[in-house]
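Read off the chains here:
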Amino acid sequence: MATADVAKDSDRDTRELNVPIDEEYASSTNEGIQQFAYSDSRKIGITGAVFLILNKMIGTGIFSTPSAIFAATGSVGVSIILWIVGGIITFCGLSVFLEFGLAIPLSGGEKNYLERVYRHPRYLASCVLASQMILLGFSSGNSLAFGRYILAASGSKEGDGWTARGIAIACITFAVGLHSTLPKWGLRLVNLLGIFKVVILVFIVFSGFAAISGRLLIPPPGNFNNAFAIEVTENYGGQGAYGYATALLQIIYSYKGWENANYVLGELKHPRRTLSIAAPIAIGGVTILYVLANVAYFAAIPKDDLATSEVLVAGLFFRNVFGDSASARALPAFVALSNLGNVLAVSFAHARVNQEFGKEALLPYGKFWASIKPFDAPAAALFLHWLVTVIILVAPPAGPAYNFIVNLYTYPGSWINGFVAAGLIYLHFKKSENWTSPWHTYLPITVLYLLANIFLAIVPFIPPNGDWNAEGYPYFVFPVVGVGVLILGGIYWVCWSKIWPAIGGYRIEAHRIVEDDGKEVVRYRKIKTR
């Protein structure tokens, strides 16, 4: 039967996203039709979208990365300026993603935007993104920080060892299990912890004001005297352009999550309205809180202690302000709960992206990875996220691993976001593309976002001043691995689109239809290649 006839038989008012050709239905493991529809009670409103973004943005980063950022720059003033720059870059990225997201209101984020711009060779951009999102879109950094802060709350001084990693595995297992079996309660917990982590961050900000006024249990560190001086000591400073690039990568990591709602647009109520209101509210509030939290840290922590505190910046801050009593040690447990909220938000969103790759049959056994059975949740896609997260947690040798995991997670996104920004510039200037969107991003904003991502993609290859193995591994490991994963996506595309169809004599294609009520139907077909 012709595909067009099948579509009409199913629903005359459906809108086809891909124009298919006359082929028989698949008879393999991808055979048949899958429907993806969520009840209105499961859909996310403005408040839920705000907290979904907040929960991914406010996680490990602001409580942990200020140590590495100051150690890289060696300047209090420069560190704070970089946090402001990070907020500006985030708002530029938000504008770019709003224009794409409001024009293409489907779950999947960058996947949809890259497919819209880079249509030839077909699916190459999607395979590259799939490699990055599946292999490096993990929750390992947040889960590890959860383990470290739980240990700190118990009084342990153990670092990134196997105990912390074991707790991290328990954390990601809980998050994935909850989202897989009780999806409504997973979202409710995301919202609850979203409120909680904002309260914790506001508490740190006001405690910082108290520290500035002299309410400290240690001598005032005086970090704001000659704040813009760039110092080089054994513990901080002197890393050159490489240091600034890695510092900005750490900041971008802390801001990551602003794109979270774009990944689940298909599950938002009135997606265009919800996204355009929720995203600016969440990002604006987070940017202000981040800058003030850094002021608080510098008001209470001496420079040498801050540079060597690694993940436990917030824990050291609480100790200097409130002492080392049992009640003060309980404060890091609150930060751990904030990290848990981040893990819940990341696993929720990234599993939806993995699910989108399954819907497109870009993954082997795509129907399995796309499934929402048996609990109306993408359990298989969540399991894939869990598996990669656990591998990244156990793979690095015992010792400091947090900064490496953070950089590895963040770096490839600079390449992807750069191509997204360049694609939007192309759509604006290529009139034959007939690009329209309810939101318009002005050219200087898009160019600034593009240049920022080019800087973050290129500069990490420049050797740092001083020790090339200061973090316990060669400086070039994370950029080389990051680019290698993107290249691996290209190799996978060659295998998926050329080699495997030539060997098997067929390929699996997915054709997607979105009905007027928002229900999505995916038909899998076996296309003969010989």
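Read on for an overview of the structure.

So, how was this worked out
- Residues numbered from 1 in each chain as written.
- Predicted model: local features only at pLDDT ≥ 70, side-chain atom pairs only at ≥ 80, totals over all residues.
- Heavy atoms only, no water.
- Helix = DSSP H or I, 4+ residues; strand = E, 2+ residues; numbered from the N terminus.
- Buried < 20%, exposed > 50% of the residue type's maximum accessible area, 1.4 Å probe, protein only.
- Contact = heavy atoms within 4.5 Å.
- Areas by Shrake-Rupley, 256 points an atom, 1.4 Å probe, with all protein chains shown as cover.
- Core = buried A, V, L, I, M, F, W, Y, C linked by side-chain atoms within 4.5 Å.
- Phe/Tyr/Trp six-rings, centres within 6.5 Å; stacked < 30°, edge-to-face > 60°.
- Salt bridge = Lys/Arg side-chain N within 4 Å of Asp/Glu carboxyl O.
- Bend = angle between axes of the 7 residues up to and from the residue.

Quick look at the overall build of the protein chain
Link 1 in the chain: Helix and strand counts for the protein chain stand at 22 helices and four strands.
Link 2 in the chain: Among the 530 residues that make up the protein chain, the fraction classed as buried is 58%.
Link 3 in the chain: Intrachain contacts of the protein chain at a sequence separation of at least 6 include 80% that bridge at least 24 residues.
Link 4 in the chain: Carbon together with sulfur atoms contributes 65% to the accessible area of the protein chain, which is approximately 20800 Å² in total.

Topic: the nonpolar core
Link 1 in the chain: Core analysis: the largest hydrophobic core is formed by 151 residues, its most contacted members being F63, F100, I204, Y290, F317 and F357.
Link 2 in the chain: Take this core: its biggest share by element is 16 residues, from helix α13 (residues 271-300).
Link 3 in the chain: Beyond its immediate sequence surroundings of up to four residues, I204 is in contact with F63, A296, Y297, A314, F317 and F318.

A few points about the side chain of T274
Link 1 in the chain: Mapped onto the secondary structure, T274 falls in helix α13.
Link 2 in the chain: Setting aside anything within four residues of it in sequence, one finds T274 in contact with I44, G45, I46, A49, L268 and K269.

Some details on the environment of I81
Link 1 in the chain: Tracing the chain through its elements places I81 in helix α5 (residues 76-103).
Link 2 in the chain: Using a relative accessible area of 40% as the deciding quantity, one classes I81 as partly exposed.
Link 3 in the chain: C-alpha separation for the pair I81 and V291, spaced 210 residues apart in sequence, amounts to 8.7 Å.

Description of the packing of aromatic side chains
Link 1 in the chain: Going through the model one piece at a time under the given rule, you end up with 24 aromatic pairs.
Link 2 in the chain: Ring centres of F70 and Y236 lie 4.7 Å apart, and the angle between their planes is 40°; this geometry places the pair in the tilted category. On the criterion of sequence distance, the pair formed by F70 in helix α4 (residues 66-73) and Y236 in the loop between α10 (183-212) and α11 (240-255) is long-range, its members being 166 residues apart. Exposure class is identical for F70 and Y236. Each is buried.
Link 3 in the chain: Judged by centre distance (6.3 Å) and plane angle (35°), the rings of F203 and F318 are tilted. In this pair, F203 sits in helix α10 while F318 sits in helix α15 (residues 313-322), placing the two residues 115 residues apart along the sequence.

Comments concerning α15
Link 1 in the chain: Counting buried residues in α15 gives eight out of ten residues, a clear majority hidden from the surface.
Link 2 in the chain: If you check which residues of α15 are buried, you get V313, A314, G315, L316, F317, F318, N320 and V321.
Link 3 in the chain: A positive phi of about 95° marks G323, the residue just after α15.

Points about the pattern of salt bridges
Link 1 in the chain: Enumeration over the complete set of coordinates arrives at four salt bridges.
Link 2 in the chain: One salt bridge in this structure joins R116 and E433, with 2.8 Å as the shortest N-O distance. Highlighted residues: R116 in helix α6 (residues 110-117) and E433 in the loop between α20 (402-429) and α21 (443-458), separated in sequence by 317 residues.
Link 3 in the chain: For R119, the salt bridge is made with E433, and the minimal N-O distance between the two is 3.2 Å. Taken together, the residues R119 in the loop between α6 and α7 (124-136) and E433 in the loop between α20 and α21 connect sequence positions 314 residues apart.
Link 4 in the chain: For E433, a relative accessible area of 11% translates into the label buried.
Link 5 in the chain: Salt bridges sharing partners connect three or more residues here, namely R116, R119 and E433.

So, helix α22 (residues 477-504)
Link 1 in the chain: Its axis deflected by about 35° at C495, α22 carries its strongest bend there.
Link 2 in the chain: Those residues of α22 not exposed but buried are F478, P479, G482, V485, L486, G489, G490, W493, C495, W496 and P501.
Link 3 in the chain: Downstream of α22 by one or two residues, G505 has phi in the positive range, about 85°.

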